Amino acid sequence: MPVQLLLSMLRAPASTGAVVPSSRALANAMARAATGAELIVELGAGTGPVTRALLEQMPGVPLIAVELQPDLARMLQGRFPEADVRLAPADQVVDALGEPDGNVVLVSSLPFRSLPRPVRNETIASICRFLLADPQRRLVQFTYQPRAPFRAPPGLRWRRLASVWANTPPAGVWELRAHV
Ligand SMILES: C[S@@+](CC[C@H](N)C(=O)[O-])C[C@H]1O[C@@H](n2cnc3c(N)ncnc32)[C@H](O)[C@@H]1O
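Residues numbered from 1 in each chain as written. Predicted model: local features only at pLDDT ≥ 70, side-chain atom pairs only at ≥ 80, totals over all residues. Heavy atoms only, no water.

- For the chain, the name recorded in an unreviewed UniProt entry is Methyltransferase domain-containing protein, with Pseudazoarcus pumilus as its organism.

See the structure below:
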């Protein structure tokens, strides 16, 4: 799906944040990091490589895939009918989750470093509120930078889980969750 992501990058560079889709190796590392989830909410599903890895590694686990761009959301729903694709901003979907039971994992490809500042701040705030409400919950996020994707607020802590060299560019997979 490289062409779709390239077209999205031309239309909305700040919110797309990547020209090349995530590699199979990165998508698999993201899905492995979500092992044990009873509900997965994928934020910024894009062209779907991580969606596919999540469905392959955790068949039967409910998956909500969130994407802001209408053409990508339509394509995702066509490719992955078993996923619940939402055409919406990530923060709105996270806020609307309420208090779901069990082990909920947010799996994000959102490009926090390039998002417009108000969107970035609102999205981080809603993710952090959601995680702070239950220590079982976690965010899995990749970044191309050597440091954590964004500053953790009090009560949450980042942990680097993996480095994936077989990706353009190489990426780190991080987890954010409450420390008790
Ligand atoms: C780095 S790209 C997708 C990466 C994906 N793993 C792939 O290879 O296609 C990030 C995606 O997040 C989406 N996005 C950006 N801001 C968003 C927001 N606030 N809510 C939902 N999706 C958003 C973009 O439209 C884009 O498709």
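That shown, we press on.
**Observations regarding the pairing of strand β5 (residues 138-143)**
So, step 1. Across the 6 residues of β5, 6 count as buried, placing the element largely inside the fold.
So, step 2. The two faces of β5 match: Arg138, Val140 and Phe142 on one face and Leu139, Gln141 and Thr143 on the other face are all buried.
So, step 3. What joins strand β4 (residues 104-108) to β5 is helix α7 (residues 117-132), and the crossover it makes is right-handed.
So, step 4. In this sheet, strand β7 (residues 171-178) lies alongside β5 in antiparallel orientation, the contact comprising 6 bridges. Bridge pairing in β7 links leucine 139 to leucine 176. (Buried < 20%, exposed > 50% of the residue type's maximum accessible area, 1.4 Å probe, protein only. Helix = DSSP H or I, 4+ residues; strand = E, 2+ residues; numbered from the N terminus. Right-handed = clockwise from strand over helix to strand, strands pointing away. Pairing = 2+ DSSP bridges.)

**Quick notes on the nonpolar core**
So, step 1. Residues Leu26, Met30, Ile40, Leu54, Val107, Val140 and Val173 are the most contacted members of the largest nonpolar core, which totals 30 residues.
So, step 2. Considering every element that reaches this core, the biggest residue donor is helix α3 (residues 24-33), with 6 residues.
So, step 3. By size, the runner-up hydrophobic cluster in this structure holds 27 residues, among which are Ile64, Val66, Val93 and Phe150. (Core = buried A, V, L, I, M, F, W, Y, C linked by side-chain atoms within 4.5 Å.)

**So, the packing of α3 against helix α4 (residues 49-57)**
So, step 1. Packing of α3 against α4 leaves a shortest axis separation of 8 Å and a crossing angle of 50 degrees. Between α3 and α4, the angle falls in the class oblique. At the point where α3 passes α4, the crossing takes the right-handed sense. Here Arg24, Ala27, Asn28, Met30, Ala31 and Arg32 of α3 come into contact with α4, specifically with Pro49, Val50, Arg52, Ala53, Leu54, Glu56 and Gln57.
So, step 2. Here the contact of α3 with α4 is composed, by residue class, of 7 nonpolar, 2 polar and 4 charged. (Axes fitted to C-alpha atoms, helices over the stretch in contact; angles between N-to-C directions. Parallel < 35°, antiparallel > 145°, perpendicular 65-115°, else oblique. Left-handed = near helix turned anticlockwise from the far one by under 90°. Contact = heavy atoms within 4.5 Å. Nonpolar A, V, L, I, M, F, W, Y, C, P; charged D, E, K, R; others polar.)

**A closer look at the UniProt feature "domain: Methyltransferase" (unreviewed entry) in the chain**
So, step 1. If you check UniProt for "domain: Methyltransferase" (unreviewed entry), the listed places come out as residues 40-131 in our numbering.
So, step 2. Taken end to end, residues 40-131 is 45% helix and 20% strand, and its first and last C-alpha atoms sit 13 Å apart. (UniProt positions renumbered as here; feature names shortened; annotations may be inferred.)

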